[in-house]
Amino acid sequence: MLQTAQAAGKQWIVYEGKEGPGKGKHIVFISGDEEYRSEEGLPQMAKILSQRHGFKCTVLFPIDPASGEINPNFTKNIPGTDALNSADLMVILTRFRNLPDEQMKPIDDFLKAGKPVIGLRTSTHAFNGLKGTYDRYNNGYRGPAKEWADGFGRLVLGEMWISHHGGHKTEATRGVFPA
């Protein structure tokens, strides 16, 4: 598990933008998957975009409230989603998150404002298990909000999660590079 910035009282990272074409623009990265290490890859991408291209970048993490540590397996907490209130772009790489309403509201508000989203890898099934106000975000949603059929993935990113190809976690491809 990675330690969070608890000493500073925050559970996310902010990289202030330097000079570049992104100066004055804010990107919020939302990590939260237990397969593809978004809690490691998204901070790397955010740092590059801030240092080399000038974007202010905020990276959010799944935090286990019991330990205060980043825990990709803890699906019910990603603090700091209110950073989306000042964001120009959301980059999301989550898988089957079940966030509380107060963390979903800024995501919902961001989308209702028509702002851009980049969904990486498992974000077609970013949410699952949500009840009530934000249940329409669930992968495979079948409720009364017909425009949300199949959930966030289908409506926002163009497709929901359907299945893994082949034997998930049992099959792989071996790459051999010639000397």
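Residues numbered from 1 in each chain as written. Predicted model: local features only at pLDDT ≥ 70, side-chain atom pairs only at ≥ 80, totals over all residues. Heavy atoms only, no water.

Student: Explanation requested: the sheet that holds strand E2 (residues 26–32) in the structure shown.
Tutor: By way of backbone hydrogen bonds, the strands of a sheet pair with one another, either parallel or antiparallel. As summarised here, the arrangement of the 5 strands in space is E1-E3-E2-E6-E7, forming an open sheet in which the pairing is mixed. Only two strands of the sheet have a single neighbouring strand rather than two, namely strand E1 (12–15) and strand E7 (117–119). Across the sheet, the mean angle separating the axes of adjacent strands is 15° when strand polarity is ignored. The sheet contact formed by E2 and strand E3 (residues 56–60) spans 5 bridges and is parallel. Residue pairing across strands places Ile30 opposite Leu60, the latter belonging to E3. Each of E1, E2, E3 and strand E6 (89–94) is contacted by helix H1 (residues 38–53), which is oriented at about 165° to E2, the strand it contacts most. (Pairing = 2+ DSSP bridges. Helix = DSSP H or I, 4+ residues; strand = E, 2+ residues; numbered from the N terminus. Axes fitted to C-alpha atoms, helices over the stretch in contact; angles between N-to-C directions. Contact = heavy atoms within 4.5 Å.)

Student: Would you mind showing me how to read the packing of aromatic side chains here?
Tutor: A ring pair, where both rings are aromatic, is described by two values, the distance of the centres and the angle of the planes. Counting across every chain of the model gives 6 aromatic pairs. Centre to centre, the rings of Phe127 and Tyr137 are 5.5 Å apart; their planes meet at 85°, and the pair counts as edge-to-face. Taken together, the residues Phe127 in the loop between E7 and helix H3 (152–157) and Tyr137 in the loop between E7 and H3 connect sequence positions 10 residues apart. Phe127 gets classed as buried once you look at its relative accessible area, which sits at 1%. Among the residues examined, Tyr137 registers a relative accessible area of 1% and is labelled buried. Centre to centre, the rings of Tyr134 and Tyr137 are 6.3 Å apart; their planes meet at 65°, and the pair counts as edge-to-face. (Phe/Tyr/Trp six-rings, centres within 6.5 Å; stacked < 30°, edge-to-face > 60°. Buried < 20%, exposed > 50% of the residue type's maximum accessible area, 1.4 Å probe, protein only.)

Student: Please explain H1 as it appears in this structure.
Tutor: Residues that lie three or four places apart on an α-helix share one face, since the helix turns once every 3.6 residues. With 16 residues, H1 extends 21 Å between its outermost C-alpha atoms, agreeing within 8% with the 22 Å of an ideal straight helix rising 1.5 Å per residue. Of the positions making up H1, those classed as buried are Ser38, Glu39, Leu42, Pro43, Ala46 and Ser50. Along the axis of H1, the buried residues cluster in a sector spanning 120°; they form a single face. The outward face of H1, more than 90 degrees from its buried face, is lined by the exposed residues Gln44 and Arg52. For H1, the elements touching its buried residues are E1, E2, E3, strand E5 (69–70) and E6. Positive phi appears at Gly54, one or two residues downstream of H1, with a value of about 90°. (Expected span 1.5 Å × (residues − 1). Arc of directions from axis to C-beta.)

Student: What exactly am I supposed to notice about the environment of Asn98 here?
Tutor: Position of Asn98 relative to the elements: it lies in the loop between E6 and helix H2 (101–112). Residue Asn98 is classed as partly exposed on the basis of its relative accessible area of 22%. As for Asn98 and Gln51, which are separated by 47 residues in sequence, their C-alpha atoms are 33 Å apart. When neighbours within four sequence positions are excluded, Asn98 is seen to be in contact with Thr75, Lys76, Asn128, Gly129 and Leu130. Only 3.3 Å separates the side chain of Asn98 from the backbone oxygen of Gly129, close enough to count as a polar contact. (Polar contact = N/O pair within 3.5 Å; in protein donor to acceptor, adjacent residues only side chain to side chain.)

Student: Can you help me understand the pattern of salt bridges in this one?
Tutor: Side-chain pairs of opposite charge can arise where the charged atoms are in close proximity. According to the stated counting rule, one finds 12 salt bridges in the structure shown. In this structure, Arg37 engages Glu39 in a salt bridge whose closest nitrogen and oxygen atoms are separated by 2.3 Å. Its relative accessible area of 36% is what places Arg37 among the partly exposed residues. When the shortest N-O distance is used, the salt bridge between Lys105 and Asp109 registers 2.7 Å. (Salt bridge = Lys/Arg side-chain N within 4 Å of Asp/Glu carboxyl O.)

Student: Help me understand the pairing of E6 in this model?
Tutor: Within a regular beta strand, the side chains point alternately toward one face of the sheet and then the other, so they alternate between its two faces. Counting buried positions over the 6 residues of E6 gives 6, a clear majority of the element. With burial as the criterion, each face of E6 is covered, one bearing Leu89, Val91 and Leu93 and the other bearing Met90, Ile92 and Thr94. Across 6 bridges, E2 lies against E6 in parallel orientation. Bridged to Ser31 within E6 is Leu93.

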